[in-house]
Amino acid sequence: MYEIAEKKVWSDEVPGVKEFKIKAPLIAEKHQAGQFVILRIDENGERIPLTIAHKDLRNGTINLLFQEVGKTTMDLGRLKKGDSIMDISGPLGTPTHVERYGTVVCIGGGIGVAPLHPIAQAMKGAGNNVISIIGVKTKNILIYEDLMNATSDELLITTDDGSYGHHGFVTDELKSLIDGERKIPIDLVVAIGPPIMMKMVCRVTEPYKIKTVVSLNTIMIDGTGMCGACRVSVDGKTRFVCVDGPEFDGHQVDFDEMMQRQRQYLKEEKIAVETCQRQCSR
Amino acid sequence: MTSPKEEEKKPEKKKRPKIPRQAMPVQDPAVRIRNFNEVPYGYTEESAKLESIRCIQCKKPFCIDACPVRINIPGFIKKINEGDILEAARIIKKDNCLPAICGRVCPQEDQCERVCIVGKKDASVAIGRLERYVADYEAEHGKFEMPEMAPKTGRKVAVVGSGPGGLACAGELIKMGHDVTVFEALHKSGGVLVYGIPEFRLPKAIVQREVDYLAKLGVEFRMNFVVGKIRTVDDLIEKDGYEAVFLANGAGLPVFMNIPGENLNGVYSANEYLTRSNLMKAYKFPDYDTPITRWKNVAVIGGGNVAMDAVRTALRLGADNAYIIYRRSHNEMPARKEEIEHAEEEGIQFRMLTNPIRVLGDKDGWVRAIECIKMELGEPDESGRRRPVPIKGSEFEIEIDAVVMAIGSGSNPLVASSTPGLNVNKWGNIIVDSENTGRSSKKGVFAGGDIVTGAATVILAMGAGRNVAAAINEYLVYKAIGW
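Just so we're clear, the structure is a prediction, and the values are computed from it rather than from any experiment.

S.K.: Help me understand the interface of chain B and chain A, please; the structure alone is not making it clear to me.
M.R.: Buried accessible area, meaning the area lost when the parts come together, often serves as the stated size of an interface. With 46 residues of chain B at the contact, the number on the chain A side is 47 residues. With both chains or domains summed, chain B and chain A bury close to 3800 Å², and 51% of this area falls on carbon and sulfur atoms. The three residues of chain B that bury the most area against chain A are Lys229(B), Asn263(B) and Asp289(B), which together make up 19% of that side's buried surface. Put simply, chain B and chain A have four salt bridges between them. Measuring nitrogen to oxygen at the nearest pair gives 2.9 Å for the salt bridge that ties Lys71(A) to Asp289(B). Those elements that place two or more of their residues in the side of chain B that touches chain A are strand 5 (253-254), strand 6 (267-269) and helix 15 (270-279) of chain B.

S.K.: Is there a simple way to think about the environment of Asn149(A) in this case?
M.R.: Residue and element names in this part refer to chain A. Considering the arrangement of structural elements, one finds Asn149 in helix 4 (residues 145-151). The exposure class assigned to Asn149 is partly exposed, which follows from its relative accessible area of 44%. In the structure, Asn149 is positioned 90 residues away from Arg239 in sequence and 34 Å away in space, judged by C-alpha atoms.

S.K.: It is not clear to me how the confidence of the model for chain B should be interpreted in this structure. Could you clarify?
M.R.: Regions with low pLDDT carry predicted coordinates that are not meant to be interpreted in detail. Of all residues in chain B, 96% attain a pLDDT of 70 or more, and the chain-wide mean is 93. A low-confidence stretch, residues 1-8 of chain B stays under pLDDT 50, and its non-local contacts, those more than four residues away or across chains, total one contact.

S.K.: Any chance you could explain unusual backbone geometry here in plain terms?
M.R.: Of all residues except glycine, most have a negative phi; of all peptide bonds, most are trans. Residues and elements named next belong to chain A. In this structure, the amide linkage connecting Gly90 to the following residue, Pro91, adopts the cis form with an omega of 0°. Structurally, the position occupied by Pro91 is in strand 7 (residues 87-92). Cis peptide bonds are those with omega within 30 degrees of zero, and the linkage from Gly245 to Pro246 qualifies with 10°. One can find Pro246 in the loop between strand 15 (237-240) and strand 16 (247-249). Although it is not a glycine, Tyr144 sits at a positive phi angle of roughly 60°. By secondary structure assignment, the location of Tyr144 is in the loop between strand 9 (129-136) and helix 4.

S.K.: Sorry, what's going on with the packing of aromatic side chains here?
M.R.: For any pair of aromatic rings, geometry is given as the distance between the ring centres together with the angle between the planes. Applying the stated rule across the entire model yields 13 aromatic pairs over all chains. On the numbers, 5.2 Å between centres and 85° between planes, the contact of Tyr475(B) with Trp483(B) is edge-to-face. Positioned above the aromatic ring of Trp10(A) is the side chain of Lys8(A), whose terminal nitrogen or guanidinium carbon lies 4.4 Å from the ring centre. The cationic tip of Arg316(B) hangs over the ring face of Phe200(B); the distance from NZ or CZ to the ring centre is 3.9 Å.

S.K.: I'm lost on the pairing of strand 11 (residues 367-380) of chain B in this one. Help?
M.R.: Here is the key point about a regular strand: its side chains alternate between the two faces of the sheet. All names here are of chain B. Where strand 10 (residues 354-361) and strand 11 come together, seven bridges link them in antiparallel fashion. If you follow Gly361 over to strand 11, its bridge partner there is Val367. In sequence, strand 10 turns back onto strand 11 through a hairpin of five residues, with Gly365 there showing a positive phi of about 90°. Looking at chain direction, strand 11 and strand 13 (residues 396-399) are connected through four bridges and run antiparallel. The residue bridging Ala369 from the neighbouring strand is Glu399, located in strand 13. Here strand 11 runs beside strand 12 (residues 386-390); their pairing, made up of four bridges, is antiparallel. If you follow Pro380 over to strand 12, its bridge partner there is Arg386. Counted between consecutive antiparallel strands, the loop separating strand 11 from strand 12 contains five residues, among which Gly384 sits at a positive phi close to 90°.

S.K.: What am I meant to see in the sheet that holds strand 1 (residues 156-160) of chain B here?
M.R.: Strand pairing in a sheet relies on backbone hydrogen bonds, with the paired strands running either antiparallel or parallel. Residues and elements named next belong to chain B. Overall, parallel pairing links the five strands, which are arranged 3-2-1-4-16 in an open sheet. Edge positions in the sheet fall to strand 3 (220-222) and strand 16 (445-447), since each has one partner strand and no second. Shown here is a sheet whose adjacent strand axes are inclined to one another by a mean of 20°, direction ignored. Of the pairings in the sheet, the one linking strand 1 to strand 4 (residues 244-247) comprises four bridges and is parallel in character. If you follow Val159 over to strand 4, its bridge partner there is Phe246.

S.K.: How should I be thinking about the sheet that holds strand 7 (residues 297-301) of chain B in this particular structure?
M.R.: Residue and element names in this part refer to chain B. Spatially, 6-14-7-8-9 is the arrangement adopted by the five strands of the open sheet, whose pairing is parallel. The sheet terminates laterally at strand 6 and strand 9 (349-351), the two strands that pair on one side only. The sheet shows a mean angle of 20° between the axes of neighbouring strands, taken without regard to direction. In this structure, strand 7 lies alongside strand 14 (residues 402-405), joined through four bridges in parallel fashion. Pairing of Val300 across the sheet is with Val404, part of strand 14. On the sheet, helix 15 packs against strand 6 and strand 14 and is oriented at approximately 85° with respect to strand 6.

S.K.: Would you explain the pairing of strand 2 (residues 17-23) of chain A in this entry?
M.R.: Residue and element names in this part refer to chain A. Within strand 2, five of the seven residues are buried, leaving the element largely enclosed by the surrounding structure. Bridge count for strand 1 (residues 2-11) against strand 2 is six bridges, and the pairing is antiparallel. The residue of strand 2 that forms the bridge with Glu6 is Lys21. If you look at the hairpin formed by strand 1 and strand 2, you'll find five residues sitting between the two strands. Pairing between strand 2 and strand 5 (residues 61-67): seven bridges, direction antiparallel. Bridge pairing in strand 5 links Lys18 to Phe66.

Parameters and conventions
- Residues numbered from 1 in each chain as written.
- Chains lettered and ligands numbered in written order.
- Predicted model: local features only at pLDDT ≥ 70, side-chain atom pairs only at ≥ 80, totals over all residues.
- Heavy atoms only, no water.
- Contact = heavy atoms within 4.5 Å.
- Buried area = accessible area lost by both parts, 1.4 Å probe.
- Salt bridge = Lys/Arg side-chain N within 4 Å of Asp/Glu carboxyl O.
- Helix = DSSP H or I, 4+ residues; strand = E, 2+ residues; numbered from the N terminus.
- Buried < 20%, exposed > 50% of the residue type's maximum accessible area, 1.4 Å probe, protein only.
- pLDDT = per-residue confidence, 0-100.
- Phe/Tyr/Trp six-rings, centres within 6.5 Å; stacked < 30°, edge-to-face > 60°.
- Lys NZ or Arg CZ within 6 Å of the ring centre and 35° of its normal.
- Pairing = 2+ DSSP bridges.
- Axes fitted to C-alpha atoms, helices over the stretch in contact; angles between N-to-C directions.

Structure follows, in C-alpha cells:
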C-alpha cells in the first residue's frame, strides 16, 4: 500500500487536474527523468501508467499528476490525503538521455508539463540553455508555471483562448524561436503533451532537422515489455513504449497509427464511466 | 459360459477385474463456453479408488523416470487404494510442492502416462487425475502441516519471479533454513499461473493457496518489484545483503509474426489478451475496471497450449466464431491432447495447414479479415516435424474482427540487460553451466525455468527450481559449488 501524503487540486472543473505526493522511497531513490510508474488503485482496478512529475529524495516521495479523463483517474481523484493506493510499480521505462546539447527547448502541452518538469530540470542541471514553452487551453488549467520558471532560462506560455500569455499554440512560439527575429539555434526539442501537439511540433522541427524527442503515453498493462499493448511504429519498426520508450525520435514516430491505437477501448471506457456514475449517484 | 472344470484349473492366478480408465466428469460444453468455471470436476472418491486399482505397482516403475521431478507415483497411488489420501499427498509433496497445479496442467501424456506399462495394452493409468484428486482432497480435508524445517542459517536468498520455478525454489530454500524473498514484477504472485493460464483450466484460488502456504513457511513476497528497475541484481547482492539470487523471470516477451497489419486495432499478443482476462479479470468488466473487447469473430494463431487458452477465452467472451489457425497439421499441434479435445468439444474451428500472411484492416484501422495461405507438409525439419510449405496461389481470406498471436514467447531482456557479467545466448536466454545447478556466469547468480530453456512447461520450471535450490544450498552452506 502506498499512502497519499498530500493532495493538491489544480482544477476542479471537468476534467479535474489533481496531484498526489506519495510515499514510495524505493521508487524515488531510483527514479530518473522521463520514467513513469504503473498504478492500480484497488483489487478491481486497472493498471494505468503515470509519469513521475517530481520526487523528494529526502522524504522518499514521488509526485503524480493526472487529469480525470477516465474511470480510473476519476476514482483516483476521489482519494484523499491519508488514503492509499494498492499497487505502484516503478520506476519504469528508459530514462531521458541527458547531456550538454546547448540550447534545449522543452515543450509541454496540458498536463504534459508535469512529466516535462523533471526533464527540464535534468537538462538545466547538465548545463543546457533551457527555453520552455507551455501550452494550455485556458489559464485555469495552467500547471507548474513556477516550477518551470525556476528550471528554465526562459519560459513562454500560450493559451488556445488567449486568456493568458500568447494567444495561440506552442508551435507558434516554437516557429518564432526558430525562424522569427531571434533565430535561436536549437540543438534539441523535447515535447510532451497530447499526441496531436507532439505531431505538430515534429512537423515544425523536421524541415530544420532539429532533433525532437517525444514522450508517448500509450495503453499499457504490465509495463515490463510482456504484453505488447503499447506497441508503436518507430522508423517502420515495432517498438514497445514501456521498455524501449517512453521517449522516441519524434520524426520517426508514426503518430497516426499511435492515435488510432489509442482509440481501442473508447467504447469500453464509456461503459466504465457510465457504470461508475450510476453506482456513485446511488 | 465357463465350465466348473476350467475354473478349477487356474484358481491361484489372480484375475484382475478389468477396470476401464476412469473418465473425469466435465462441465457440459454447451454450458461451459459461456462461463469461466473450471472444465473438469475432478475424480470422486469412488472413481479415484477404481483408477488406483488399475496401477499394477511395477517393481521398476518407468513413470517415475519419466516425471521431471520424480514423484513416487506407484507409492502415492497405493495410498489412494488403501484410502489414506493424506498420506498420498505427503508422498507427492516430497517431490512436488505444487501438486494441485501440476495435476491440472502437466502434459502427463508425454511424461509419466506415456511410459505406463498398463498403457501398453490398455489406456494408461490416469496419473495426472489422481494427483489432482489427492491435492484437492488434501486442500479440503488436510490441516496445515509444518514440514520438516532445517535450523535457520541466516543466509538471504533472492528469488526473482514468482512463477512455478520461483515458487518451487523458494519452497525448497525456506525448508533448508534460508531467508527467502520472492520479487514479483506484477501485483499478484504466480507468474504465468495467474496471468497466462485461464481460470477454466487452473482456478486462481489454487495458485493463491500454494502461495499462501509458502508465506506460512516464512517466504517473503514483494509485489510490484521489477528487478532491473527498482533494484538491480547487483543492488540485491551488494546493497541488500542477498548472498544468492535465483533468476526465474520466465519467458515474458510476446512474439509477433512480422506480417503487415499487426498493429491494427484488434490485434493482440496472447500475453496481452490472456493477461487482461486472467490477471486483470477483464472477463468480469465492468465489475473489474480493465476492459477486454468481446469480439464476435476471433482468430488465434498457433497450436500450443497458449493458443488453446486464448481461443477458448475468446469463445467464453462471446465469440460466435473462434478459430485456431495453425500452419502444420492437427498431429503436430504442441498443445496437450486434453486441451485440444476440450476445444473441439466447445466448437472451436480448426484451420489446419493454414498460415497468415497479412492482417487486413478497414478505413479506421480496425481488423476486418486475415489473409492466409494453404500449406502442405514437406520433409521433416530440425524439430523432427514435417516442415509446412506454402501452396502457391492458395491465398484466401477469413473475415474476423480480432487476431491473437500465440506463436511463442521470447525471453524478456529486462533483467539480463541490467545485470553486467550475466551471459545470455542469442535468444536472450541466460546461459547456465547445467540445468541441474543453474549456475550462471555471474557469481552468486543462478537461473532456471523458461528464462534458461525458452518457453516450456510448468513442471519443467518447477523441476529447475527444485534442482537449483539444492545447488544454492550447496553454494551457501557447503561451498561445494563456487565460481
